[in-house]
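# Descriptive analysis of the structure
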Amino acid sequence: MSSTKDLHFYRWFFAVLLAVSFMLASPQAAFASEYEEYYDSYWRPAEFVTTVNLNLRSGPGLDYERITLLPAGSLILVVEYNPAVNDYDYAFSNVMFGETQGYVASRYIVPRAQAQHVTSVTTQEAPQIAPAIPAEINGNIENISWWTMRDDGIIPIGTTIQIYDIRSGLTYYVRNFSNGNHADVETLTVQDTEIMRQTSGGHSWSARPVLATFNGRTFAAAIHTMPHAGSTIHTNGKNGHICLHFLGSRPHNGNRSWEAEMQAAVTQAFNSR
């Protein structure tokens, strides 16, 4: 009799245990079902588009070798998506560009269906290799507040600054004569002016991501190539100065759209590491 009672007890016990397990598992099943579309969209190969000029790297991090530079609007196949949780997160996703596989910063890619604002989509099979960043500055790029740079004397008036244009791979030199909402700079020589003009195919207001090196340090920055307003160097083949922006700097005229364009270029420069 004792063994029969024991058998009934164990059956009852395991039935209760099974019921409790089922109840505890139910919310998890609901959770998975709720996010089924998310997993379908982001954890299987899916078409995405780059929103900026974006480095394709050999591994999931800024310290990995750069394979190439993907132009803004490039169509990529995401093999494994790792979402960025905030504006400062450099989560990386595993992607294919044509037959080339690598990793890109997730914050700069969007599903193709959400990329209506991208005017053109690049689908080339063989990406062009971007100009290599000079070895002496590669991997040592700083991105600190312009106001700290200005107020702490990191960039004194009269500083000669090496400008490395990331998109073209060309280098020229400028000097700052005013530090206000940003640095007002001028090319040093006629040769520097011509190189600057070559970077954008002529004088242009378009923001360009650059690396600014001076006093042994390199900073992410943005610049345009359109001379305007006043100048102090009159032997460089142009009239007027150009604007050099750093993290958090602002335009003199308060144009928020222009400010956003410059800051986006600063971010691209920092991402070029």
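The structure we're discussing is the one just above.
Residues numbered from 1 in each chain as written. Predicted model: local features only at pLDDT ≥ 70, side-chain atom pairs only at ≥ 80, totals over all residues. Heavy atoms only, no water.

## Quick look at the environment of L70
Examined against the element boundaries, L70 turns out to sit in strand 3 (residues 66-70). Here the alpha-carbon distance between L70 and V52, two residues 18 residues apart in the chain, equals 8.3 Å. Apart from residues lying up to four places away in sequence, L70 is in contact with T50, V52, N53, L54, L56, I76, F97 and V104. (Helix = DSSP H or I, 4+ residues; strand = E, 2+ residues; numbered from the N terminus. Contact = heavy atoms within 4.5 Å.)

## Some remarks on the environment of S206
One can find S206 in the loop between helix 4 (190-199) and strand 12 (208-214). A relative accessible area of 41% means that S206 is categorised as partly exposed. When the C-alpha positions of S206 and H224 are compared, they lie 5.6 Å apart, and in sequence the two are 18 residues distant. Every residue in contact with S206, bar those within four places of it in the chain, is listed here: I223, H224 and E261. (Buried < 20%, exposed > 50% of the residue type's maximum accessible area, 1.4 Å probe, protein only.)

## Remarks on the nonpolar core
Judged by nonpolar contacts, the single largest core of 32 residues is most densely connected at I76, V104 and I109. Counting residues per element, this core draws most heavily on helix 5 (residues 256-270), which supplies 6 residues. Look past the residues within four positions of V104 in its chain and what remains in contact with it is L54, N55, L56, L70, I76, A91, F92, S93, V95 and I109. In this structure, M149, V185, A212 and F246 belong to the second largest nonpolar core, which totals 21 residues. (Core = buried A, V, L, I, M, F, W, Y, C linked by side-chain atoms within 4.5 Å.)

## Details of unusual backbone geometry
Phi is positive for N215, which is not a glycine, with a value near 50°. Residue position: N215 is located in the loop between strand 12 and strand 13 (217-223). If you check the backbone angles, A229 has positive phi at about 55° while not being a glycine.

## Points about helix 4
Every buried residue of helix 4 is accounted for by D192, T193, I195, M196 and T199. Projection of helix 4 onto a plane perpendicular to its axis shows the buried side chains occupying an angular sector of 165°, all on one side. Turned more than 90 degrees away from the buried face of helix 4, the exposed residues are V190 and Q191. For helix 4, the secondary structure elements touched by its buried residues are strand 9 (160-165), strand 10 (171-179), strand 11 (183-187), strand 12 and strand 14 (242-245). Here helix 4 starts with a cap whose side-chain oxygen sits 3.3 Å from the backbone nitrogen of Q191, and that cap is T189. Looking at the residues trailing helix 4, positive phi occurs at G201, about 70°. (Arc of directions from axis to C-beta. Polar contact = N/O pair within 3.5 Å; in protein donor to acceptor, adjacent residues only side chain to side chain.)

## Considering the pairing of strand 11
The buried fraction of strand 11 amounts to 5 of the 5 residues, a majority that puts the element mostly inside the structure. Taking every second residue as pointing to the same face, both faces of strand 11 are buried, with A183, V185 and T187 on one and D184 and E186 on the other. Looking at chain direction, strand 10 and strand 11 are connected through 5 bridges and run antiparallel. Each bridged residue has a counterpart across the sheet, and for S178 the counterpart in strand 11 is D184. Hairpin connection, strand 10 to strand 11: the antiparallel pair is bridged by 3 residues. Pairing geometry for strand 11 and strand 14, over 3 bridges, is antiparallel. (Pairing = 2+ DSSP bridges.)

## Digging into the side chain of R66
On the secondary structure map, R66 appears in strand 3. We note that R66 is buried and unpaired, the nearest opposite charge coming from E65 at a distance of 8.7 Å. (Lys, Arg positive; Asp, Glu negative; His and termini not counted. Salt bridge = Lys/Arg side-chain N within 4 Å of Asp/Glu carboxyl O.)

## A closer look at the pattern of salt bridges
In the structure shown here, the tally under the stated rule is 6 salt bridges. Where R217 meets E142, a salt bridge forms, and the shortest distance between an N and an O atom there is 2.6 Å. In this pair, R217 sits in strand 13 while E142 sits in strand 8 (residues 141-142), placing the two residues 75 residues apart along the sequence. Judged by relative accessible area, which is 31%, R217 ranks as partly exposed. Of the charged contacts in the structure, one is a salt bridge between D151 and R150, with a shortest N-O distance of 2.8 Å. Classification of R150 by relative accessible area gives partly exposed; the value is 29%.

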